[in-house]
Amino acid sequence: MRATVLRAGRMVVRDDVEEPRPGPGQVLVGVKACGICGSDLHFAAHGDTMLRLGRDMEGMPPIDADIDLAGDVFMGHEFSAEVLEAGPGTDAPPPGTVVTSLPVLLSGGSVTPIVYSNHVIGGFAERMLLSAPLLLPVPNGLDPRHAALTEPMAVGLHAVNRSAIGRGETALVIGCGPIGIAIIAALRLRGVEHIVASDFSVKRRQLAELMGAHETVDPAEASPFTAGPAVVFEAVGVPGILNDVLRRSPQGTRVIVAGVCMEPDTVLPFFGAAKEISISFVYAYDPAEFAESLRAIADGDIDVAPLITGEVGLDGIAAAFDELADPDRHCKILVTP
């Protein structure tokens, strides 16, 4: 079987991957489409740092602690697929059913994320295993390429849900990459009446408008904070942004940090204390938000088609990783094995 793997920091195609066999409670699926996530790019470039931080973090189970970067790493967690075969004694949708799923593989008593692994095959492959209890059939004849964007849309929905924003409150989204765009789509889904989007990129601002932003701002030309946002969504994830948000936000602002900064950062607590700003950090989503995102896409409440700016096969993933470094060139590239 063919799959593209991370090897020594580069994406490499393999033709000799062992065919996965579904066990009890699992299904073998043929991958229809898989999105390339910003976290995939970051792991390819800084996997050692991500693993180290995961090991250092307390208060939750270790994250990806068993990954060996000296070996091949399977990736791809934004996928849709077609059911091919169910494991022994498994109740699953019939073969031919197009599905998506939370990126988690259940095996006996173990729970393994389908994100980065030396052993669990992800969506950058011809076939992979999924957990039958977690499958969501794709409804309404939805294009499998669009269904593959359920996962990133769920990230945006989770951020909006955590903000508890009201329809009449002003939202400011800083950064219109895939996470920011997903937040904008979720804000529009929730009926928020004033959505401001800020990004230096002209193309990203145009996409933000297309996805539901009522107003866009080039921060090089004007301050996006003049709109008086009640809720600010930070979707950039680089050092310095959070402190700038605290310094410039109105009194009583709720700040939702959705951009994942992997480097040390400095904030001046006085800014937040003096203005009684609340800060919440968000990550991923829950199963209900994942299912709601799929329904919203299938029902036409969220149109993800404009996000897809490229499509490659397994052989084109390495070049796609390079191209996604340019914010004016792409938003989401799909892999269609």
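A quick note: this is a predicted structure, and the numbers were derived from the prediction, not measured.

Chemist: Explain the overall build of the chain residue by residue, including any values.
Modeler: Across its full length, the chain carries nine helices and 19 strands. Taking 20 Å as the expected radius of gyration for a compact globule of 337 residues, we find that the chain reaches 20 Å, a close match to that expectation. The principal-axis extent of the C-alpha atoms belonging to the chain is close to 60 × 45 × 35 Å. For the chain, with 337 residues in total, the buried portion stands at 50%. Averaging the positions of the 24 positive and the 43 negative side-chain charges in the chain gives two centres separated by 2 Å.

Chemist: Please set out the packing of aromatic side chains residue by residue, giving values where relevant.
Modeler: For any pair of aromatic rings, the description consists of the separation of the ring centres together with the inter-plane angle of the planes. Per the stated rule, a full pass over the model turns up three aromatic pairs. Between F43 and Y116, the aromatic rings sit 4.0 Å apart at their centres with planes inclined by 5°, giving stacked as the arrangement. Of this pair, F43 sits in helix α1 (residues 38–56) while Y116 sits in strand β9 (residues 116–117), placing them 73 residues apart in sequence. Judged by its relative accessible area of 6%, Y116 falls in the buried class. The interplanar angle of 55° and the centroid separation of 6.4 Å between the aromatic rings of F270 and F271 together place this pair among those described as tilted. With a relative accessible area of 57%, F270 lands in the exposed category.

Chemist: Quick rundown of the sheet that holds strand β17 (residues 278–281)? Include the residues and the values.
Modeler: Strand order in the open sheet made by the six strands is β14-β13-β12-β15-β16-β17, with parallel pairing throughout. The outermost strands of the open sheet, each flanked by one partner alone, are β14 (215–217) and β17. Geometrically, the sheet is characterised by an average inter-axis angle of 20° between neighbouring strands, direction not taken into account. As paired elements, strand β16 (residues 254–257) and β17 share four bridges and run parallel to each other. Bridged to V257 within β17 is F281.

Chemist: So, the nonpolar core: which residues are in play, and what are the values?
Modeler: In terms of nonpolar packing, the biggest core is built from 45 residues, with I36, F43, M75, F124, L130 and I317 touching the most fellow members. A per-element tally of this core places strand β3 (residues 26–35) first, with five residues. Apart from residues no more than four positions distant in its own chain, M75 is found in contact with L6, M11, D40, F43, V115, Y116, G122, G123, F124 and F321. Counting residues in each nonpolar core, the second largest holds 42 residues, with L149, I181, A185 and A213 among its members.

Chemist: Any details on the layout of surface pockets? Residues and values, ideally.
Modeler: Reported here for the second largest pocket is a volume of approximately 170 Å³. Looking at the lining of the second largest pocket, its residues break down into five nonpolar, four polar and no charged.

Chemist: Can you break down the sheet that holds strand β1 (residues 3–7) residue by residue, with the values?
Modeler: Taken in spatial order, the four strands make up an open sheet running β2-β1-β4-β9, and their pairing is antiparallel. Single-partner strands in this sheet number two, and they are β2 (10–14) and β9. As paired strands, β1 and β2 are joined by five bridges and run antiparallel to one another. For V5, the partnering residue across the bridge sits in β2 and is V12.

Chemist: Lay out the environment of R2 in plain terms, naming residues and giving numbers.
Modeler: Tracing the chain through its elements places R2 in the segment before β1. Separated by 122 residues in sequence, R2 and F124 have C-alpha atoms that sit 9.0 Å apart. Once residues lying within four places of it in the same chain are set aside, the contact partners of R2 are V13, R14, D15, A125, E126, L314 and D315. In this structure the side chain of R2 is engaged in a polar contact, spanning 2.8 Å, whose partner is the side chain of D315.

Chemist: Can you break down the packing of helix α3 (residues 150–163) against helix α4 (residues 178–189) residue by residue, with the values?
Modeler: In a pair of packed helices, the angle between the axes and the distance between the axes together describe the arrangement. Look at α3 against α4: their axes get within 7 Å of each other, and the N-to-C directions meet at 60°. Comparing their axes, α4 and α3 come out oblique. At the point where α3 passes α4, the crossing takes the right-handed sense. Note on element contacts: α4 touches α3 through A182, I183, A185, A186, L187 and L189, opposite P152, M153, G156, L157, A159 and V160.

Chemist: Go over the UniProt feature "domain: Alcohol dehydrogenase-like C-terminal" (unreviewed entry) in the chain, please, and point to the residues and values.
Modeler: UniProt records the feature "domain: Alcohol dehydrogenase-like C-terminal" (unreviewed entry) for residues 178–298 in the present numbering. End C-alpha to end C-alpha, residues 178–298 measures 19 Å, and it is 39% helix and 17% strand.

About the thresholds
Residues numbered from 1 in each chain as written. Predicted model: local features only at pLDDT ≥ 70, side-chain atom pairs only at ≥ 80, totals over all residues. Heavy atoms only, no water. Helix = DSSP H or I, 4+ residues; strand = E, 2+ residues; numbered from the N terminus. Rg over C-alpha atoms; globule rule 2.2 N^0.38 Å. Buried < 20%, exposed > 50% of the residue type's maximum accessible area, 1.4 Å probe, protein only. Lys, Arg positive; Asp, Glu negative; His and termini not counted. Charge placed at Lys NZ, Arg CZ, Asp CG, Glu CD. Phe/Tyr/Trp six-rings, centres within 6.5 Å; stacked < 30°, edge-to-face > 60°. Pairing = 2+ DSSP bridges. Axes fitted to C-alpha atoms, helices over the stretch in contact; angles between N-to-C directions. Core = buried A, V, L, I, M, F, W, Y, C linked by side-chain atoms within 4.5 Å. Contact = heavy atoms within 4.5 Å. 1 Å grid on protein atoms, 1.4 Å probe; cavity = no way out; pocket = protein on both sides within 12 Å on 5 of 7 lines; lining within 4 Å. Points joined across faces, edges and corners; volume = space filled by probe spheres on them. Nonpolar A, V, L, I, M, F, W, Y, C, P; charged D, E, K, R; others polar. Polar contact = N/O pair within 3.5 Å; in protein donor to acceptor, adjacent residues only side chain to side chain. Parallel < 35°, antiparallel > 145°, perpendicular 65-115°, else oblique. Left-handed = near helix turned anticlockwise from the far one by under 90°. UniProt positions renumbered as here; feature names shortened; annotations may be inferred.

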